[in-house]
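Close look at the chain arrangement
Okay, here's what each chain looks like letter by letter:
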Amino acid sequence: MANTQFIEVPLPEGVRASHMDLELLKAMLHAIVCLHFEWSSESEKMIQELEHDGWSVHCGPTWLALCRRGQSLEQATGRTPDEAIARLYHEARFDTRYGCP
Amino acid sequence: MAFSQAARDWYHREIAGIRDAGLYKEERFIHSLQDADIEVEFPAGASPARVINLCANNYLGLSSHPEVIAAAHEGLDHRGYGLSSVRFICGTQDIHRELERKLTAFLGTEDTLLFPSCMDANAGVFEAVLNEQDVMIADRLVHASIVDGMRLCKAMQDTYKHADMGHLEEKLVEHQDKRFRLIITDGVFSMDGDLAPLDQIVALAEKHNAMVFVDDSHASGYIGKTGRGTHEHFGVLGKIDIITTTLGKALGGASGGCVSGRAELVEMCRQRARPYLFSNTVAPVIVSGALKVLELISASTERRDKLEENTRYWRNLLTDAGFDIKKGSSSIVPVMLYNAKLAQDVARDLFVEGIYVIGFFFPVVAKGQARIRTQLSAAHDKHHLDRAIAAFIKVGKKYDILGKTKAEVIATYGN
């Protein structure tokens, strides 16, 4: 582990990282790792195939919100946490009842 | 072996979980035609019992009407059993076109497209007419098939509190940046039997430049003076942009559904709605029967008038007996019991007394809102309802719920 490098970022005095700060930090580091190690030539090939079929492809980080209740799973994505949560909320609202014919 | 013992065990546990949650759906075998009186084998293996049916969607009593059956036979003889094709290849007969034109005239719209069911119509319509630039704003109690259709559509989803026009207006204002706004509601809500206030919804749609979608499955054929539906009842004929409805309830009770409305929207469904494009055509026997149903109900309002009278009579009988019912005017009359076990026990005892009803509880309805949903039919005569109320009173006395308030019932049984 001698070659392992660390980045240490001291927080300003008196500042405590919130849950959302930590989520954001995790997401950014995950994105850096993905870009360095997981963006394979296979992905490039699949994008090229899609573009050849006329698709315009965009792939980028996004927010994922999900909730579970028993066997039910609802999830939604959004450009911002608010957007993801709002979409999740409406998905879950629809799952409140099974309804009847 | 793909379906391993481990997989089998998992499914067994899953089904057991459904039973434990009280959600297991048990079929009851009917040994007769659908009617006011039917013969039901329940539990499986028991001798069929003659019971009064208070849980069918047979609102106009046309499911076994002799003229409808005769018309269906004629369709079978002259147009065959099936078309072995989707509509746009070689599955459209003259009678399909005729039924679509007659439905258009009946519903007061511009065009109509048949689907194998209203479930399919709702599954396909949104994806066909909206895209990611648009928003769907639905009442929170819309039917499950609408929810599934919305999930298949790329447009943004939003909801408004049940029948809350203030909340709907907030949402319409919030989404003014979208290309199209579509307000989505049932006409008659299936569990409470209440009507969406379409006059107010149309007014809001006009004010905020939105389109209106109504699933009128529990209304078509009997709501409104001539039975055209909730839009007729509220005086907004011709102002609903998309109506979906079923041929499986008041309009004959077999199967089949449709999307009816603005010509361009219907045409988009003809071109893009996947359940229409990839399902077989509606069978000629059903189309022929439905044509006869429309002929019968267009010639006379006698059946919907009788249903209206039956509904009024039944609501009064229940109220006078001291039952707690959901107020309203539709032929769905929920008897409120609040407690899930009580609803099941009362339904079971009513069956023993010769009355066929089903208890509903969470998650089919909201928590603490358990009930028995009774549904009236023009096939019922007064004597059916008099017998039914005698049974309801007998069972109501057994559980000591007559004349009791919601709070008193909950105090005794919980919710």
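Use the structure listed above.
These numbers come from a predicted model, not from an experiment. (Residues numbered from 1 in each chain as written. Chains lettered and ligands numbered in written order. Predicted model: local features only at pLDDT ≥ 70, side-chain atom pairs only at ≥ 80, totals over all residues. Heavy atoms only, no water.)

1. Quick word on the sheet that holds strand β9 (residues 242-246) of chain B
Backbone hydrogen bonds are what pair the strands of a sheet, in a parallel or an antiparallel way. All names here are of chain B. The seven strands lie next to each other as β4-β10-β9-β8-β7-β5-β6, forming an open sheet whose pairing is mixed. Looking along the sheet, the strands with just one partner apiece sit at the ends: β4 (111-115) and β6 (156-160). In this sheet, neighbouring strand axes are inclined to one another by 20 degrees on average, regardless of whether the strands run parallel or antiparallel. Where strand β5 (residues 135-139) and strand β7 (residues 181-186) come together, four bridges link them in parallel fashion. By the bridge assignment for β7, V135 is matched with R181. (Pairing = 2+ DSSP bridges. Helix = DSSP H or I, 4+ residues; strand = E, 2+ residues; numbered from the N terminus. Axes fitted to C-alpha atoms, helices over the stretch in contact; angles between N-to-C directions.)

2. Side note on the interface of chain A and chain B
Between chain A and chain B, the residue contacts involve 14 residues of the former and 25 residues of the latter. At the surface where chain A touches chain B, the tally comes to two salt bridges. Here R151 of chain B and E74 of chain A are joined by a salt bridge, their closest N and O atoms 3.0 Å apart. Taken together, the links from chain A to chain B amount to six residue pairs in polar contact (both at pLDDT 80 or more). (Contact = heavy atoms within 4.5 Å. Salt bridge = Lys/Arg side-chain N within 4 Å of Asp/Glu carboxyl O. Polar contact = N/O pair within 3.5 Å; in protein donor to acceptor, adjacent residues only side chain to side chain.)

3. Looking at the packing of aromatic side chains
All names here are of chain B. Per the counting criterion, the structure on display carries nine aromatic pairs over all chains. Consider the rings of F3 and Y11, whose centres lie 6.0 Å apart with planes at 25 degrees: the pair is stacked. Ring plane angle 80 degrees and centroid distance 6.0 Å describe the contact between F351 and Y356, whose orientation is recorded as edge-to-face. Y356 carries the same exposure label as F351, and that label is buried. An aromatic cluster is built from F3, W10 and Y11, whose rings are joined through pairwise contacts. When the ring centre of F362 is taken as origin, the NZ or CZ atom of K367, which lies over that ring, is 4.8 Å away. (Phe/Tyr/Trp six-rings, centres within 6.5 Å; stacked < 30°, edge-to-face > 60°. Buried < 20%, exposed > 50% of the residue type's maximum accessible area, 1.4 Å probe, protein only. Lys NZ or Arg CZ within 6 Å of the ring centre and 35° of its normal.)

4. Description of unusual backbone geometry
All names here are of chain B. Put simply, F42 and P43 share a cis peptide bond, and its omega is -5 degrees. One can find P43 in the loop between β2 (37-41) and β3 (49-53). Positive phi outside glycine occurs at S84, with the angle close to 50 degrees. Examined against the element boundaries, S84 turns out to sit in the loop between α2 (66-79) and α3 (87-90). For S84, a relative accessible area of 68% puts it in the exposed group. The phi dihedral of N209 is positive, around 55 degrees, even though this residue is not glycine. Topologically, N209 is positioned in the loop between α8 (198-207) and β8 (211-215).

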